[in-house]
Amino acid sequence: MHKGFLVTASFIGALSVVLGAFGAHGLKKIVAPESLVTFETAVRYQFYHVFALALTALVFASGSPSLMKAAGFLFITGMVLFSGSLYLLTYKSAANIQGLSWVGPITPLGGSLLVAGWVCLALGLSKGA
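Residues numbered from 1 in each chain as written. Predicted model: local features only at pLDDT ≥ 70, side-chain atom pairs only at ≥ 80, totals over all residues. Heavy atoms only, no water.

A.B. asks: Explain the packing of aromatic side chains to me, using residue names and the numbers behind them.
C.D. replies: The geometry of an aromatic ring pair comes down to the distance between the two centres and the angle between the two planes. Enumeration according to the criterion identifies eight aromatic pairs in this entry. Relative to Phe 39, the ring of Phe 22 has its centre 6.1 Å away and its plane inclined at 75°; by these criteria the two rings are edge-to-face. Within this pair, whereas Phe 22 is found in helix H1 (residues 3–25), its partner Phe 39 is found in helix H2 (residues 33–59), the two being separated by 17 residues in sequence. A network of ring pairs unites the aromatic residues Phe 5, Phe 60 and Phe 73 as a single cluster. (Phe/Tyr/Trp six-rings, centres within 6.5 Å; stacked < 30°, edge-to-face > 60°. Helix = DSSP H or I, 4+ residues; strand = E, 2+ residues; numbered from the N terminus.)

A.B. asks: Can you break down the environment of Thr 41 residue by residue, with the values?
C.D. replies: Secondary-structure assignment places Thr 41 in helix H2. Sequence spacing of Thr 41 and Gly 26 is 15 residues, and the spatial spacing of their C-alpha atoms is 16 Å. In this structure Thr 41 touches Phe 82 and Leu 86, once residues within four positions along its chain are discounted. (Contact = heavy atoms within 4.5 Å.)

A.B. asks: Break down the side chain of Ser 85 for me, with residues and values.
C.D. replies: Among the secondary structure elements, Ser 85 is positioned in helix H3 (residues 65–94). The class for Ser 85 is buried, based on a relative accessible area of 4%. Here Leu 81 takes part through its backbone oxygen, which lies 2.8 Å from a polar atom of the side chain of Ser 85. Apart from residues lying up to four places away in sequence, Ser 85 is in contact with Val 80, Val 103, Ile 106 and Thr 107. (Buried < 20%, exposed > 50% of the residue type's maximum accessible area, 1.4 Å probe, protein only. Polar contact = N/O pair within 3.5 Å; in protein donor to acceptor, adjacent residues only side chain to side chain.)

A.B. asks: Now, about the packing of H1 against H3: what can you tell me, with residues and values included?
C.D. replies: Relative to each other, H1 and H3 sit at 20°, their axes nearing to 12 Å. Of the possible angle classes, the one that applies to H1 and H3 is roughly parallel. As H1 packs across H3, the resulting crossing turns out to be left-handed. Every residue of H3 that contacts H1 at Phe 5, Thr 8, Ile 12 and Leu 19 is listed here: Met 68, Lys 69, Gly 72, Phe 73, Ile 76, Met 79 and Tyr 87. By residue class, the composition of the contact of H1 with H3 is eight nonpolar, two polar and one charged. (Axes fitted to C-alpha atoms, helices over the stretch in contact; angles between N-to-C directions. Parallel < 35°, antiparallel > 145°, perpendicular 65-115°, else oblique. Left-handed = near helix turned anticlockwise from the far one by under 90°. Nonpolar A, V, L, I, M, F, W, Y, C, P; charged D, E, K, R; others polar.)

A.B. asks: If you had to explain the nonpolar core to someone new, which residues and values would you point to?
C.D. replies: Here is a general trend for soluble globular proteins: nonpolar side chains tend to be buried in one another's company. If you look at the biggest cluster of nonpolar residues, it comprises 30 residues, and the most contacted ones within it are Phe 5, Phe 39, Leu 53, Phe 75, Met 79 and Tyr 87. Put simply, the parts of the chain that give this core at least two residues each are H1, H2, H3 and helix H4 (106–126). It is H3 that provides the largest number of residues to this core, a total of 10 residues. Each residue touching Tyr 87, except ones within four places of it in the same chain, is listed here: Leu 19, Phe 39, Ala 42, Val 43 and Gln 46. (Core = buried A, V, L, I, M, F, W, Y, C linked by side-chain atoms within 4.5 Å.)

A.B. asks: Which residues make up the packing of H3 against H4, and what are the values?
C.D. replies: Closest axis-to-axis distance for the H3/H4 pair is 7 Å, and the angle between their directions is 160°. Relative to H4, H3 is oriented roughly antiparallel. Every pair of crossing elements has a handedness; the one defined by H3 and H4 is left-handed. In terms of residue class, the contact of H3 with H4 is made up of 21 nonpolar, eight polar and no charged.

Written out as C-alpha cells, the structure is:
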C-alpha cells in the first residue's frame, strides 16, 4: 500500500463532497445552468479519480513501483488540471471576469493526464510482482 496516495485520496474525496454540496446548494443560485453543468463535471471527475488514486494506493505493492507511482501522480496532477480548470471557468462565469483564455486548453491536458494515469495503472499491474 502507498499510504501517501491513500491519504491524498481521502482529503481530495472530502473536498469533492464539500464542492459537490456547494454546487448543489449555493452555486446554482449564482451561475447560469451551463456553468453549473461545468462545475458538476469537475466534481464528478474529481470524485471518480479519488477512487482511482485510492485503488492505486491499495494495489501499489502488486505492481511495478515506478509505473504505480507514475499512475498516482498522474491522477493527482490530472485532477488538479482537469477539475481545477473547470472550477476556474465556473468562477470566471460567476464573477463575470473577462480574459483567462488560457484556462480552457488546460482542461484537455488534465484529461490526458487522467487517461495516462489509467494506462500506467494497467501497465503497472500487468508488469507487477
